[in-house]
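A look at the structure
These are the residues of each chain, in order.
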Amino acid sequence: MTKVQRSVCATACAITLAFANTTTSRAERRDLAQRWVDAWNAHDADAVAVLFTRDALYEDVAFGSVNHGPDEIRAFAQFFFAAVPDLRVTLVASSLEDGRGTIEWVFSGTDRGVYGTGKTFAVRGVAVLETRGGKISRNSDYEDLATILRQLGLLPPGL
Amino acid sequence: MTMTDVHVLDKWTAAWSSHDVDQVLALFTDDCVYEDVPFGIVTRGKDELRAFAAGAFAAVPDLAFQLTTRFAAGTFGIIEWTMSGTHQGDFPGLPATGKQFASIRGATIVELRDTRIRRNSDYWDSAAFMRQVGLMSI
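The rules we used
Residues numbered from 1 in each chain as written. Chains lettered and ligands numbered in written order. Predicted model: local features only at pLDDT ≥ 70, side-chain atom pairs only at ≥ 80, totals over all residues. Helix = DSSP H or I, 4+ residues; strand = E, 2+ residues; numbered from the N terminus. Rg over C-alpha atoms; globule rule 2.2 N^0.38 Å. Buried ≥ 20, exposed ≤ 12 C-beta atoms within 10 Å, placed from the backbone. Pairing = 2+ DSSP bridges. Axes fitted to C-alpha atoms, helices over the stretch in contact; angles between N-to-C directions. Contact = placed C-beta atoms within 7 Å. Nonpolar A, V, L, I, M, F, W, Y, C, P; charged D, E, K, R; others polar. Expected span 1.5 Å × (residues − 1). Arc of directions from axis to C-beta.

1. Side note on the overall build of chain B
What chain B contains, in helices and strands, is 4 helices and 6 strands. When its helices and strands are written in sequence order, chain B yields α-α-β-β-α-β-β-β-β-α. For chain B, the C-alpha radius of gyration of 14 Å lies close to 14 Å, the compact-globule estimate for 138 residues. Projected onto the principal axes, the alpha-carbon positions of chain B cover approximately 45 × 30 × 25 Å. Expressed as a percentage of the 138 residues in chain B, the buried residues total 43%.

In structure tokens form, the structure reads like this:
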């Protein structure tokens, strides 16, 4: 981990670990959130795609990316595995109850093909989930693109 | 889940759209932790939250939040929203532009204690804000 990554993780974990989750489906929550994180960290687009229902929507709000169904979601994952070859997702916290959930994460790596800067970044975000039958039917990722652009040196001076 | 749990989430968007700091503070526990993730701001307790809310209302006097979805179960809640307003005063590192922003999407993750919010983490994209008020073009 870079210094920036350690700093982001330390801050996020210190805040979220202070709150104990007391939900009824702890095992299920950990399982789906952990499988989501593991699939991204395995750089395995099939393992990502299989987490989703056939009619799933996966959107990345900051990047403006909208993907429908496992095939488009697989291609979305493949793009990031190619563009960020050392991509890593760290689980910060998760909750899952009654078909709704969240995975708070830190996404980090080296930008080889998103903007092609060769610089590293780390950003904290959240996946807001809807689930059905143990699979994800909606995944909306929210993160701060400005945090990434600033670390890559792509923001105008002062911003 | 009780009706009250969801009710506090409904009040969240209304309070932030009211420009009334006391309406915002009423939704939170005395020991609340409120995070604005993009700006890297963490406030602890109501005095710090009061200052944060006053700063937000000064920067965007017509701040408005539209509720997209909300969910609560037990101690856990989610609010998805769209934020709009006019950038009349300075934000951290973002001097006032006087320009409007119309559609910044975000999500707030909360932990509830009884009927109040104990932890609040706002996730949104400040690049979308900068783009809409003309501070950047990427």
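We are not done yet, so read on.
2. Some details on the sheet that holds strand 4 (residues 76-86) of chain B
All names here are of chain B. Taken together, the 6 strands give an open sheet; going across it, the order is 2-1-6-5-4-3, and neighbouring strands pair in mixed fashion. Only two strands of the sheet have a single partner each, and these edge strands are strand 2 (41-44) and strand 3 (64-73). Across the sheet, the mean angle separating the axes of adjacent strands is 15° when strand polarity is ignored. Across the sheet, helix 3 (residues 45-59) lies against strand 1 (28-36) and strand 2, angled at about 45° from strand 1, the strand it touches most.

3. Some words on the interface of chain B and chain A
Think of interface size as the accessible area that goes away when the parts come together; that is how it is often given. Listed per partner, the contact involves 28 residues of chain B and 27 residues of chain A. Of all elements in the fold, only strand 1, strand 3, strand 4, strand 5 (100-113), strand 6 (116-124) and helix 4 (126-132) of chain B reach the threshold of two or more residues within the side of chain B that touches chain A. With 5 residues, strand 5 of chain B is the single largest residue contributor to the side of chain B that touches chain A. Along the lines of polarity and charge, the residues of the side of chain B that touches chain A split into 17 nonpolar, 5 polar and 6 charged.

4. A closer look at unusual backbone geometry
All names here are of chain B. Even without being a glycine, His 19 presents a positive backbone phi close to 60°. With 19 C-beta atoms counted inside 10 Å, the residue His 19 sits in the partly exposed group. With a phi close to 55°, Asp 114 is a non-glycine residue in the positive phi region.

5. A closer look at helix 4 (residues 69-83) of chain A
Residues and elements named next belong to chain A. Given a rise of 1.5 Å per residue, 15 residues ought to cover 21 Å, and the 21 Å separating the end C-alpha atoms of helix 4 matches this to within 8%. For helix 4, the full list of buried residues reads Pro 70, Ile 73, Phe 76, Ala 77 and Phe 80. Taken end-on, helix 4 shows its buried residues confined to a sector of 125°, consistent with a single buried face. Residues of helix 4 that are exposed and point more than 90 degrees away from the buried face comprise Asp 71 and Ala 75. Looking at the buried side of helix 4, the elements it contacts are helix 3 (45-49), strand 1 (52-60) and strand 2 (65-68).

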